[in-house]
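Coordinate inspection notes
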Amino acid sequence: MNLLDKFHNWRRKTRWNKQYRKGRWDNLRNPIEAERYTTIINFIKNHGKSQPSILDLGAGEGVLNEYIDSEIFSHFLGMDFSEVSIEKAKAKNFPKAEFVTADIHTYIPNQKFDVIIFNEAFYYVHESEKQQVLDRMLAHLTDNGILIVSIYREGIGCWEYFDKLKKLDFTIVKTDQEKTYWKIGVYKC
Ligand SMILES: C[S@@+](CC[C@H](N)C(=O)[O-])C[C@H]1O[C@@H](n2cnc3c(N)ncnc32)[C@H](O)[C@@H]1O
């Protein structure tokens, strides 16, 4: 990213913090969103190893943790560049879970994970950095580790990055609103 891109990225972070402070993203807990989270959890159960370690990129307030049974994983790390969302996630004291503030563009995980998740986060990666970020995350998958990607609607300019990987499963989570749907895929290297 050039200097201007970095400035815009900082501005976006400031906006996310403001929105999280105001509760603007409380709607992620609406029932209409539930099947997106449960589909991700089923992908972990069906395609991940037993008791996996999980990295959730752009984890926000840890809504996924509100759905996932901590018995199914050994360790969960959520990261997000919004320190406000991370503080909210930490305050919930989810079992076996840790949350860190970091920017996905520069974040280097300090260990390998069995499951890495981009849950409504990949489209926020700057165009010029998408491949690099994806490669860095793939390098932090354990042998037979899986990558799970959820993208709202069509995800223009996103899916082509994952098409190069081995697709294990893919589904479209539909709702009663025609324009509200998510595509969710699970991949390995
Ligand atoms: C639509 S929310 C999804 C939150 C969460 N994954 C969920 O589904 O409940 C997108 C999240 O991506 C985070 N995000 C956006 N750009 C980011 C970046 N550059 N680095 C880290 N997180 C980022 C935002 O702060 C926000 O929490």
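In what follows, the accompanying structure is described. Here the structure is a predicted model, which is why all the values come from computation and not from measurement.

This part is about the pairing of strand β7 (residues 181–188). By the criterion of burial, β7 is predominantly enclosed, with seven of the eight residues buried. In terms of strand pairing, strand β5 (residues 141–152) meets β7 through six bridges, oriented antiparallel. Across the sheet, the residue bridging to Leu147 is Tyr187, located in β7. Where strand β6 (residues 166–174) meets β7, eight bridges bridge the pair, whose relative direction is antiparallel. Across the sheet, residue Lys174 finds its bridge partner in β7, namely Tyr181. What sits between β6 and β7 in their antiparallel hairpin is a turn of six residues.

A few words now on the packing of aromatic side chains. A full pass over the atoms with the stated rule returns 17 aromatic pairs. Judged by centre distance (4.8 Å) and plane angle (55°), the ring pair of Tyr123 and Tyr124 falls under tilted. Judged by its relative accessible area of 29%, Tyr123 falls in the partly exposed class. Judged by its relative accessible area of 36%, Tyr124 is partly exposed. Feature note: the residues Phe118, Phe122, Trp159, Tyr161, Phe162, Phe170 and Tyr187 constitute an aromatic cluster, connected by ring pairs. Across from the ring centre of Phe73, 5.5 Å away, lies the NZ or CZ of Lys96, which sits over that ring.

This part is about the side chain of Glu61. Examined against the element boundaries, Glu61 turns out to sit in the loop between β1 (53–57) and α3 (63–67). Beyond its immediate stretch of four places on either side in the chain, Glu61 contacts Tyr20, Trp25, Asp26, Arg29, Ser85, Lys88, Ala89, Lys92 and Phe94.

Our next topic: the sheet that holds β6. Strand order in this open sheet of seven strands is β3-β2-β1-β4-β5-β7-β6, and the pairing throughout is mixed. Both edges of this open sheet fall to β3 (97–101) and β6, since each of them pairs with a single strand only. Direction aside, the axes of adjacent strands within the sheet are offset by 15° on average. One ladder, built from five bridges, connects strand β2 (residues 75–80) with β3; its direction is parallel. In the strand pairing of β3, Asp80 is matched with Thr101.

With that settled, the discussion passes to the site of the ligand. In the vicinity of the ligand there are 21 residues, among which Tyr20, Tyr37, Gly58, Asp80 and Asn119 approach most closely. Take Phe81: an N or O atom from its main chain is 3.2 Å from a nitrogen atom of the ligand. Asn119 has a polar backbone atom sitting 2.7 Å from a nitrogen atom of the ligand. At the level of elements, α1 (3–22) and α2 (31–47) are the ones that each hand at least two residues to the shell around the ligand. Split into classes, the residues belonging to the shell around the ligand amount to eleven nonpolar, six polar and four charged.

Here α2 contains 17 residues, and its C-alpha end-to-end distance of 25 Å stays within 8% of the 24 Å for a straight helix at 1.5 Å per residue. Residues Glu33, Arg36, Tyr37, Thr39, Ile40, Ile41, Phe43 and Ile44 constitute the buried set of α2.

Within the fold, Asp80 resides in strand β2. Despite its burial, Asp80 pairs with no opposite charge; the closest candidate is Lys13, at 9.3 Å N-O. With residues near it in sequence (within four places) discarded, Asp80 still touches Gly58, Ala59, Gly60, Ser85, Ile86, Val100, Thr101 and Ala102.

Criteria and cut-off values
- Within each chain, residue numbers correspond to sequence positions counted from 1 in written order.
- Given that the model is predicted, a residue must reach a pLDDT of at least 70 before its local features are reported, and side-chain atom pairs must reach 80 or more before they are shown or counted; all residues, however, enter totals for whole chains, interfaces and linings.
- Where side-chain values are given, they derive from all heavy atoms of the structure, hydrogens and water being excluded.
- The classification of residues rests on relative accessible area computed with a 1.4 Å probe and restricted to protein chains. Under 20% of the type maximum is buried, over 50% is exposed, and intermediate values are partly exposed.
- Secondary structure counts use DSSP, requiring at least four H or I residues in a row for a helix and at least two E residues in a row for a strand, with both numbered from the N terminus.
- In this scheme, strands are said to pair when DSSP sees at least two bridges between them.
- Any pair of Phe, Tyr and Trp rings, taking the six-membered ring for Trp, is counted once the centres come within 6.5 Å. Such a pair is stacked with planes under 30 degrees apart, edge-to-face with planes over 60 apart, and tilted for the rest.
- The rule is short: NZ of Lys or CZ of Arg within 6 Å of the ring centre and within 35 degrees of the ring normal puts a charge over the ring.
- Contacts are assigned to residue pairs with any non-hydrogen atoms lying within 4.5 Å of each other.
- Think of each axis as a best-fit line through the C-alpha atoms, taken over the contacting stretch in the case of a helix, with angles from 0 to 180 degrees between the N-to-C directions.
- In this text, near means that some heavy atom of the residue lies within 4 Å of the molecule or strand in question.
- Counting of polar contacts relies on pairs of N or O atoms within 3.5 Å, with two restrictions inside protein: one atom must be capable of donating a hydrogen and the other of accepting it, and residues adjacent in sequence are counted only when both atoms are side-chain atoms.
- Residues were grouped as follows: Ala, Val, Leu, Ile, Met, Phe, Trp, Tyr, Cys and Pro as nonpolar; Asp, Glu, Lys and Arg as charged; and all remaining residues, including Gly, as polar.
- Multiply 1.5 Å by the residue count of a helix minus one, and that product is the helix's expected span.
- Under the counting rule used here, the positive set is Lys and Arg, the negative set is Asp and Glu, and His together with the chain ends is not counted.
- Between Lys or Arg on one side and Asp or Glu on the other, a salt bridge is scored when a side-chain nitrogen of the former is within 4 Å of a carboxyl oxygen of the latter.

The quantities given are spatial measurements derived from coordinates; they are silent on function.
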